[in-house]
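Here's the letter readout for the chains.
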Amino acid sequence: MIKFNNVSKVYDSNGVHALDNVSLNIEKGEFVFIVGSSGAGKSTFLKLIMREEMPTSGSIIINDMHLETLPRRKVPYLRRTMGIVFQDFRLISKMTVYENVAFAMRCVGKRNDSIKKRVPYILELVGLADKANDHPSELSGGEQQRVSLARALVNNPALIIADEPTGNIDPEMSYEIIELLSEINKRGTTVLVVTHEHELVKSFGKRVITIDDGRVVSDSDDNRFVAI
Ligand code: ADP
Ligand code: ADP
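Residues numbered from 1 in each chain as written. Chains lettered and ligands numbered in written order. Predicted model: local features only at pLDDT ≥ 70, side-chain atom pairs only at ≥ 80, totals over all residues. Heavy atoms only, no water.

### Thoughts on the sheet that holds strand β2 (residues 17-26)
An order of β2-β1-β4-β5 is seen for the 4 strands of this open sheet, with the pairing classed as antiparallel. Of all the strands in the sheet, the pair left with one neighbour each is β2 and β5 (65-66). Sheet topology places strand β4 (residues 57-62) next to β5; 2 bridges connect them, and they run antiparallel. Within β5, the residue paired with isoleucine 62 across the bridge is methionine 65. (Pairing = 2+ DSSP bridges. Helix = DSSP H or I, 4+ residues; strand = E, 2+ residues; numbered from the N terminus.)

Shown next, in the form of structure tokens:
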């Protein structure tokens, strides 16, 4: 699903080596945490996956698409295979919870009848059925993040990318958000969570890839076979 082969990224503007010779493989159906301190290269890693940036060298394959050669006109298609959850939620404040989620379906041209079936189902899944008619400002941080998750899920992407999803919510809610992502993963969606919250990560026992100074310094997956 995500394959990086010797990927390096140097920003032209300042010569910073944001990623240095990164190789990794994330299979369909996996749940992976990407951890690292500020400046480690996590955002750069995500930007490369979404093709907001191009690698300086190396190759990236996402959902069978080779990003170095993917024509610009196909980038929207690439991005539709992923649902993105942001730290700051990015909900539309004038719209209700229902409308925020429905809007994501309208954007990709879904018909009204399928929107009417799908949105309530997804809101139920994230535990927000009773908040459908509220506006984001009436919700707690954890609830807003669940709306954001519902919006990311509604078009049934193969991959969910959550960029510091718990950065703006309290620890208890953070745990619930990761639990929810874990349930979504069990239904078959590949999940990638970027975070600097080591403590939260530890309690889940998932694969953890640590990036430091642009390099993969550990991957818990490497230990899987050693342990047997
Ligand atoms: P993280 O998300 O782990 O905090 P980033 O990928 O944002 O790390 O940053 C990695 C390094 O690349 C940092 O030194 C940062 O300053 C630099 N960097 C990130 N984005 C840019 C950019 N657009 N232009 C120049 N340097 C950048
Ligand atoms: P985060 O780690 O939460 O993503 P950052 O502060 O690292 O936030 O980055 C915020 C934005 O600024 C990102 O889009 C990043 O690519 C960009 N950025 C980070 N460092 C630099 C830099 N040195 N020069 C230019 N842009 C940068």
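Moving on, there is more to tell.
### What to know about the domain arrangement of the protein chain
Taken domain by domain, the protein chain consists of domain 1 (1-81 + 158-228) and domain 2 (93-156). The C-alpha centroid of domain 2 is placed 25 Å from the C-alpha centroid of domain 1. Facing 11 residues of domain 1, the contacting portion of domain 2 comprises 14 residues. In total, domain 1 and domain 2 occlude about 1100 Å² of area from one another, counting both sides; carbon and sulfur atoms represent 71% of this. On the surface where domain 1 and domain 2 come into contact, there are 2 residue pairs in polar contact (both at pLDDT 80 or more). Counting residues per element, the side of domain 1 that touches domain 2 draws most heavily on helix α6 (residues 171-186), which supplies 5 residues. The class makeup of the residues in the side of domain 1 that touches domain 2 is 9 nonpolar, no polar and 2 charged. (Domains from an automatic or database assignment. Contact = heavy atoms within 4.5 Å. Buried area = accessible area lost by both parts, 1.4 Å probe. Polar contact = N/O pair within 3.5 Å; in protein donor to acceptor, adjacent residues only side chain to side chain. Nonpolar A, V, L, I, M, F, W, Y, C, P; charged D, E, K, R; others polar.)

### Let's talk about the packing of aromatic side chains
This model, assessed by the stated rule, comprises 4 aromatic pairs. Between the aromatic rings of phenylalanine 33 and phenylalanine 204, the centroid separation amounts to 6.4 Å while the plane-to-plane angle is 55°, which identifies the pairing as tilted. Taken together, the residues phenylalanine 33 in strand β3 (residues 31-35) and phenylalanine 204 in the loop between α7 (198-202) and β9 (207-212) connect sequence positions 171 residues apart. Here the two residues phenylalanine 33 and phenylalanine 204 agree in accessibility, since each one is buried. Through successive ring pairs, a cluster of aromatic residues spans Phe31, Phe33, Tyr175 and Phe204. Here lysine 206 stacks its cationic end above the ring of phenylalanine 31, 4.8 Å away from the centre of that ring. (Phe/Tyr/Trp six-rings, centres within 6.5 Å; stacked < 30°, edge-to-face > 60°. Buried < 20%, exposed > 50% of the residue type's maximum accessible area, 1.4 Å probe, protein only. Lys NZ or Arg CZ within 6 Å of the ring centre and 35° of its normal.)

### A look at the pattern of salt bridges
If you walk through the whole model with that rule in mind, you get 9 salt bridges. With a shortest N-O distance of 2.7 Å, aspartate 20 and arginine 215 are connected by a salt bridge. With a gap of 195 residues between them, aspartate 20 in strand β2 and arginine 215 in strand β10 (residues 215-219) connect regions that are remote in the sequence. Owing to a relative accessible area of 25%, aspartate 20 belongs among the partly exposed residues under this scheme. Classification of arginine 215 by relative accessible area gives partly exposed; the value is 48%. Of the charged contacts, one joins glutamate 143 and lysine 131 as a salt bridge, the two residues approaching to 3.8 Å between their closest N and O atoms. Placement of the pair is glutamate 143 in helix α5 (residues 141-153) and lysine 131 in the loop between α4 (112-125) and α5, with a sequence separation of 12 residues. (Salt bridge = Lys/Arg side-chain N within 4 Å of Asp/Glu carboxyl O.)

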